[in-house]
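Take a look at the letters that make up each chain.
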Amino acid sequence: KTFDRIYMITPTFQSNKSYFGKMIDEDNVFEPTKDSIQKVIDMVEAERDEFEDYLRKEKLYKEFIQILKSKRELTDGEILKFEELGFLDDSFDRPKWKYGDKNVRPPQSLLILDDILSSPAILQSSGLTRIATLNRHIAPMQEPHSGRSACGLGVILISQTYSMPQGVSRTLRENLTHLLIFKNKQEKQMSKIREELGSAVDED
């Protein structure tokens, strides 16, 4: 329940469907192209717009209820405004946020990048550096909500190698908040890890 929506960029979703299928809607899965990361950012920003539209309607709904409770006549401008929102329809119901009305918060999204080494998504995408350095600032909101000024985009990058000429750039590696490494017997790779993380973790 940490994330409302999970996106994935991978060429191997079908073969890994047993791992990810229950958590990720196939409409949120993209092939690794040079613009696939931007497509995800666009979808996160669209959800931000949807959330802000919900907040606007909820604010107007409260205003509408206050007027009804006061039993005063609606002005012509208010009638037009509330009619456009559907508040005057017989079947009208209070605005609802699609991820639930309890503990309403900005939508939280996660992007998983898997098997994208040497693909256009990592070689030709300026979006990759952007989400690595600015991920919590993605989709800024007009007004802060729940202590956040942007929706943000969490990122998990799954890679078979720590460093390679056409792989994960040093900019990305140095902006990681968590690094999970499985057993690695390649001395050059271990040397690279020591060089870049030596101030945080000792060699052992």
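First, a word on what this report is: a plain description of the structure on this page. (Residues numbered from 1 in each chain as written. Predicted model: local features only at pLDDT ≥ 70, side-chain atom pairs only at ≥ 80, totals over all residues. Heavy atoms only, no water.)

**A few points about the side chain of threonine 10**
Okay, step 1: On the secondary structure map, threonine 10 appears in the loop between strand 1 (5-9) and helix 1 (17-20).
Okay, step 2: Among the residues examined, threonine 10 registers a relative accessible area of 1% and is labelled buried.
Okay, step 3: One polar contact links threonine 10 to threonine 12, side chain to side chain, over a distance of 3.0 Å.
Okay, step 4: Those residues in contact with threonine 10, other than ones at most four positions away along the chain, are Val29, Phe30, Glu31, Pro32, Asp114 and Asp115. (Helix = DSSP H or I, 4+ residues; strand = E, 2+ residues; numbered from the N terminus. Buried < 20%, exposed > 50% of the residue type's maximum accessible area, 1.4 Å probe, protein only. Polar contact = N/O pair within 3.5 Å; in protein donor to acceptor, adjacent residues only side chain to side chain. Contact = heavy atoms within 4.5 Å.)

**As for the environment of alanine 200**
Okay, step 1: Mapped onto the secondary structure, alanine 200 falls in the segment after helix 7 (187-197).
Okay, step 2: Accessibility expressed as a relative area gives 64% for alanine 200, which makes it exposed.
Okay, step 3: Between the C-alpha atoms of alanine 200 and methionine 141, which are 59 residues apart in sequence, the distance is 34 Å.

**Here's the deal with the pattern of salt bridges**
Okay, step 1: Scanning the model with the defined rule gives 14 salt bridges in all.
Okay, step 2: One salt bridge connects aspartate 49 with arginine 48, and the closest N-O pair in it is separated by 2.6 Å.
Okay, step 3: For arginine 48, a relative accessible area of 12% corresponds to the buried category.
Okay, step 4: Here arginine 173 and glutamate 196 are joined by a salt bridge, their closest N and O atoms 2.6 Å apart. Of the two residues, arginine 173 is situated in helix 6 (residues 170-174) and glutamate 196 in helix 7; the sequence distance between them amounts to 23 residues. In this structure, arginine 173 and glutamate 196 share a single accessibility class: buried.
Okay, step 5: Here the residues in one salt-bridge network are Arg5, Glu47, Glu50 and Lys98, joined through shared partners. (Salt bridge = Lys/Arg side-chain N within 4 Å of Asp/Glu carboxyl O.)

**Observations concerning the side chain of glutamate 47**
Okay, step 1: Within the fold, glutamate 47 resides in helix 2 (residues 36-70).
Okay, step 2: Those residues in contact with glutamate 47 that lie beyond four places of it in its chain are Arg5, Tyr7, Trp97, Lys98, Tyr99, Pro107 and Ser109.

**With respect to the packing of helix 2 against helix 3 (residues 76-84)**
Okay, step 1: Running from amino to carboxyl end, helix 2 crosses helix 3 at an angle of 130°, the nearest separation of the two axes being 11 Å. By the angle between their directions, the pair helix 2 and helix 3 is classed as oblique. For the pair helix 2 and helix 3, the sense of crossing is left-handed. From helix 2, Leu60, Glu63, Phe64 and Ile67 reach across to helix 3, where they touch Glu78, Lys81 and Phe82.
Okay, step 2: Classifying every residue of the contact of helix 2 with helix 3 by side-chain character gives four nonpolar, no polar and three charged. (Axes fitted to C-alpha atoms, helices over the stretch in contact; angles between N-to-C directions. Parallel < 35°, antiparallel > 145°, perpendicular 65-115°, else oblique. Left-handed = near helix turned anticlockwise from the far one by under 90°. Nonpolar A, V, L, I, M, F, W, Y, C, P; charged D, E, K, R; others polar.)

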